Amino acid sequence: MLPQITAFPLRSARVHEACGPLAAGLAAAAAAEAGGVLWVRESWRPEAISPIGLAAYLDPSRLLLAEAKDQTETLTVAELGLRDGALPLVVMELSAPLSLTAGRRLQLAAQAGKCTGLCLIQDGMGSNAAETRWRCSPLPDPEQPAEDSTLQRWQLIKNKSGTLGVWHVRWSQSARRLTMVSPARE
Amino acid sequence: MFDGANRRVVSLWFPRLASDRALRRHPVSGPFVLTLKEDNTNHIHCLNAAAEKQGLYRGMALSDARAFCPDLQSRMADLMTDRRFLIGLRRWATRYCPWVGLEGDDGLVMDITGSAHLSGGEAEMLGDLRQQFSHAGLTAQIGLGDTRGAAWALAHHGEGVAQPGQAMAALAPLPVAALRLDDETVTALQRLGLRSIGQLADTARAPLARRFGSGLLMRLDQAAGLQPEQISPLRDPPHYGVRISLPEPIGLEADVMAATTRLLERLCDKLAAQETGVRVLNLTLRRVDQQGQHVELRLARPMRDPARILPLFSRGIAEVDAGYGIDQLRLEATQVEALPTQQTSHSDDTSPGQLDDLITRIGTRIGLENIRRFLPADSHIPERSFLIAPAAYSSPESFPSDPRARPLIMFPPESIRATGPQPPQQFRWRRMPLTTLRATGPERIAPEWWLDDQNWRSGMRDYWRVETRQGRRLWLFYTPQEPGWFVQGEFP
């Protein structure tokens, strides 16, 4: 029996954070769980989410992409999206640290709209207002051939209402769900 | 004559339309100009007679004008209202004849063939027009001739009437500019010594056509009545404008919203009657100091439901500066689309409408075109196998399932140092030393030769999925025709 992952799916009506090289993987898994997503990014960023890659998680037609010109606009749009609640998940790519006020505003908006928020942040830029914070990094996997996703190490490094933990997970493309892998196998 | 009928055309020119309109409401004495901001400088857009007398002219910088004329009074020009005013004048002019069209930004053209007798003859009609315009405080120059070109020339260069069949005789002394030519042609003609229309008409046609093209002769023939020219009367479009005048000025946001609700209800009734929905709404709030404030609302879908539109207005209205109060509101649907009545059914999914409202709401902040969605496209080139379309002008489409593994994150190709067609055992990417654990590939993708793509100039690509000992799984490609290795994406 594998240990159950405690804080995923992400707690609804709260705003969470994810950092690390595979933060986008967690966002995609959360979007697949929610069934629809508003993705807010700054238009100048060269890295972009690809719908063909996303299709392994969620039908790309369930994604709405908002291109903001800076972080202030990103937060404005994210807050609108959270408060509205038409899409169950709002993912925002942040490039600068979030102030406590801004974090609280997002939390209130998420509560009002009963909508989940997820900030993709740089390492060490977390806000104190976040409900949970995850660090997602890839793991080398010498045994499994790579037809599904990379073996990922999801570390829960902050949790306001629960315990922390580390899980090794893999996204199963055929089953469209997260599978647990025993960390002991390493 | 080309059509056998003697046409009679009146051209009306309002040389000071904008300033006359502004002064009708708030007369001032002395020199007065309207200005437009261009390149961060205020230029004169329109000026009254007193300002013209001082030597000011259109396009002059306002600061220069003030130096010439210290007691100059100025206001900002409002092009949208000017246009609306001209369209109103056009509608008014249909009392004389049914065929009235617009002539540029500051003129009207009327085909009075067979209508003049209704006003008691041409002379009486012109007299009546002049009287009406002087009552209204508008400077107007009126020309009457057999053709649109002749009437235009007479209106713009000395008012006058050309008797039937006498167009060329009346036009002969006028300068060539009266033929509606561009400045370049006019200057060139003047250099040749051709200053008046009479001189031009007497010149051999073939050399003129060679030198200036057929446009010049076309204008000459149009004026003389040898070539037909159309007057297109504007059809009155269904008017989607409502307004409300208030006995007491209001300033509170809640009051403005309440007034907007009443306007919206009336507008939506009109829209429903015509089976249309509105895409762009324009709310004009007139303050007691006569300044107009505009609130524009662009909707993600055509709509005609007041309850749904109203909350979308709240942000725009909150930004309005009410000043000493607002005493008139005008709501206009500037862009409408057909929206047939649909039967509602209980199985209807309500979420699309909710999503459209969200798009509209975000669109008022960052622009409607910055909210996009992915659409599938038929191409095997990874970057081109999908489209990014504005969400407001497209509907979602499901993607066909694709068995080929594609990365979740893609970026412009980043060069790495490696040689040979096999994936490198060790390489550095973004300053990280990486070691290959397993590589899957190659998947060869050839450029689409029928499309010239700058990024695919290096020829075909062999794509590899490379798992590294450090864990990261990258999408690399090798270009055999111009050897080189690049990283283009990362798998989750």
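For the structure given in this document, a descriptive report is provided here. Worth saying up front: this structure is predicted, and the values here are computed from it rather than measured.

Considering the sheet that holds strand β1 (residues 9–13) of chain B
Residue and element names in this part refer to chain B.
So, step 1. Pairing is mixed in the open sheet, where five strands are placed in the order β5-β6-β1-β7-β8. The open sheet terminates on both sides in strands that have one partner only, identified here as β5 (99–102) and β8 (160–161).
So, step 2. In this sheet, strand β7 (residues 141–145) lies alongside β1 in antiparallel orientation, the contact comprising five bridges. Residue Trp-13 lies in a different strand from β7, and its bridge partner there is Gln-141.

Overview of the side chain of Thr-435 of chain B
So, step 1. With respect to the element layout, Thr-435 of chain B can be found in strand β17 (residues 432–445).
So, step 2. The exposure class assigned to Thr-435 of chain B is buried, which follows from its relative accessible area of 19%.

Describing the packing of helix α8 (residues 183–191) of chain B against helix α10 (residues 205–212) of chain B
Residue and element names in this part refer to chain B.
So, step 1. Their axes nearest at 12 Å, the elements α8 and α10 cross at an angle of 135°. What the angle tells us is that α8 and α10 run oblique. Judged by the sense of rotation from one axis to the other, the crossing of α8 with α10 is right-handed. Taken together, the residues of α10 that come into contact with α8 (itself represented by Thr-185, Ala-188 and Leu-189) are Leu-208, Arg-211 and Phe-212.
So, step 2. Taken together, the residues of the contact of α8 with α10 break down into four nonpolar, one polar and one charged.

Section: the nonpolar core
So, step 1. By size, the foremost hydrophobic cluster in this structure holds 54 residues, and its most contacted members are Phe-8, Trp-39, Leu-118, Trp-134 and Trp-154 of chain A.
So, step 2. Per-element accounting of this core gives the leading share, eight residues, to helix α1 (residues 23–34) of chain A.
So, step 3. The residues that make up this core include at least three from each of domain 3 (371–402) and domain 4 (409–490) of chain B.
So, step 4. Those residues in contact with Trp-39 of chain A that lie beyond four places of it in its chain are Ala-27, Ile-49, Leu-63, Leu-64, Leu-65, Ala-66, Val-91, Glu-93 and Leu-120 of chain A.

Brief notes about the pattern of salt bridges
So, step 1. What the rule picks out here adds up to 37 salt bridges over all chains.
So, step 2. Shared partners join several salt bridges into a network, and the residues in it are Arg-11, Arg-14 and Glu-131 of chain A.

Brief notes about helix α6 (residues 148–156) of chain B
Residues and elements named next belong to chain B.
So, step 1. Within α6, nine of the nine residues are buried, which leaves it mostly tucked inside the rest of the structure.
So, step 2. Within α6, burial applies to Arg-148, Gly-149, Ala-150, Ala-151, Trp-152, Ala-153, Leu-154, Ala-155 and His-156.
So, step 3. Directly beyond the C-terminal end of α6, a positive phi value near 75° is found at Gly-158.

Side note on the pairing of strand β4 (residues 63–68) of chain A
So, step 1. In terms of burial, β4 of chain A is largely enclosed, as six of its six residues are buried.
So, step 2. Burial along β4 of chain A is two-sided: Leu-63, Leu-65 and Glu-67 of chain A facing one way and Leu-64, Ala-66 and Ala-68 of chain A facing the other are all buried.
So, step 3. Bridge count between strand β2 (residues 37–42) of chain A and β4 of chain A: six bridges; the pairing is parallel. Residue pairing for β4 of chain A: Arg-41 of chain A is matched across the bridge by Glu-67 of chain A.
So, step 4. With two bridges connecting them, β4 of chain A and strand β13 (residues 371–376) of chain B associate as antiparallel partners. Opposite Leu-65 of chain A, over in β13 of chain B, you have Arg-372 of chain B as the bridge partner.

What to know about the interface of chain B and chain A
So, step 1. Contacts between chain B and chain A engage 42 residues on the former and 45 residues on the latter.
So, step 2. The contact between chain B and chain A buries some 3,800 Å² in all, and 64% of this surface belongs to carbon and sulfur atoms.
So, step 3. Ranking the residues of chain B by area buried against chain A places Phe-374, Leu-408 and Pro-492 of chain B at the top, with a combined share of 18%.
So, step 4. The interface formed by chain B and chain A includes three salt bridges.
So, step 5. Across the salt bridge formed by Arg-430 of chain B and Glu-47 of chain A, the nearest N and O atoms sit 2.6 Å from each other.
So, step 6. Counting across the chain B and chain A interface gives eight residue pairs in polar contact (both at pLDDT 80 or more).
So, step 7. With eight residues, helix α14 (residues 351–366) of chain B is the single largest residue contributor to the side of chain B that touches chain A.
So, step 8. Per-class residue counts for the side of chain B that touches chain A are 20 nonpolar, seven polar and 15 charged.
So, step 9. Pairing analysis gives two bridges linking strand β3 (residues 48–49) of chain A to strand β15 (residues 409–416) of chain B, with the strands arranged antiparallel. Bridge assignment links Ile-49 of chain A to a residue of β15 of chain B, and that residue is Ile-409 of chain B.

Focus: empty space enclosed by the protein
So, step 1. Considering all chains together, one arrives at four cavities of 30 Å³ or more under this definition.
So, step 2. Volume-wise, the largest cavity comes out at about 50 Å³.
So, step 3. Lining the largest cavity, in full, are Ser-50 and Ile-52 of chain A together with Ser-379, His-380, Ile-381, Pro-382, Ser-385, Asp-402, Arg-404, Arg-406 and Met-410 of chain B.
So, step 4. For the lining of the largest cavity, the class distribution of residues is four nonpolar, four polar and three charged.

About the cut-offs
- Residues numbered from 1 in each chain as written.
- Chains lettered and ligands numbered in written order.
- Predicted model: local features only at pLDDT ≥ 70, side-chain atom pairs only at ≥ 80, totals over all residues.
- Heavy atoms only, no water.
- Pairing = 2+ DSSP bridges.
- Helix = DSSP H or I, 4+ residues; strand = E, 2+ residues; numbered from the N terminus.
- Buried < 20%, exposed > 50% of the residue type's maximum accessible area, 1.4 Å probe, protein only.
- Axes fitted to C-alpha atoms, helices over the stretch in contact; angles between N-to-C directions.
- Parallel < 35°, antiparallel > 145°, perpendicular 65-115°, else oblique.
- Left-handed = near helix turned anticlockwise from the far one by under 90°.
- Contact = heavy atoms within 4.5 Å.
- Nonpolar A, V, L, I, M, F, W, Y, C, P; charged D, E, K, R; others polar.
- Core = buried A, V, L, I, M, F, W, Y, C linked by side-chain atoms within 4.5 Å.
- Domains from an automatic or database assignment.
- Salt bridge = Lys/Arg side-chain N within 4 Å of Asp/Glu carboxyl O.
- Buried area = accessible area lost by both parts, 1.4 Å probe.
- Polar contact = N/O pair within 3.5 Å; in protein donor to acceptor, adjacent residues only side chain to side chain.
- 1 Å grid on protein atoms, 1.4 Å probe; cavity = no way out; pocket = protein on both sides within 12 Å on 5 of 7 lines; lining within 4 Å.
- Points joined across faces, edges and corners; volume = space filled by probe spheres on them.

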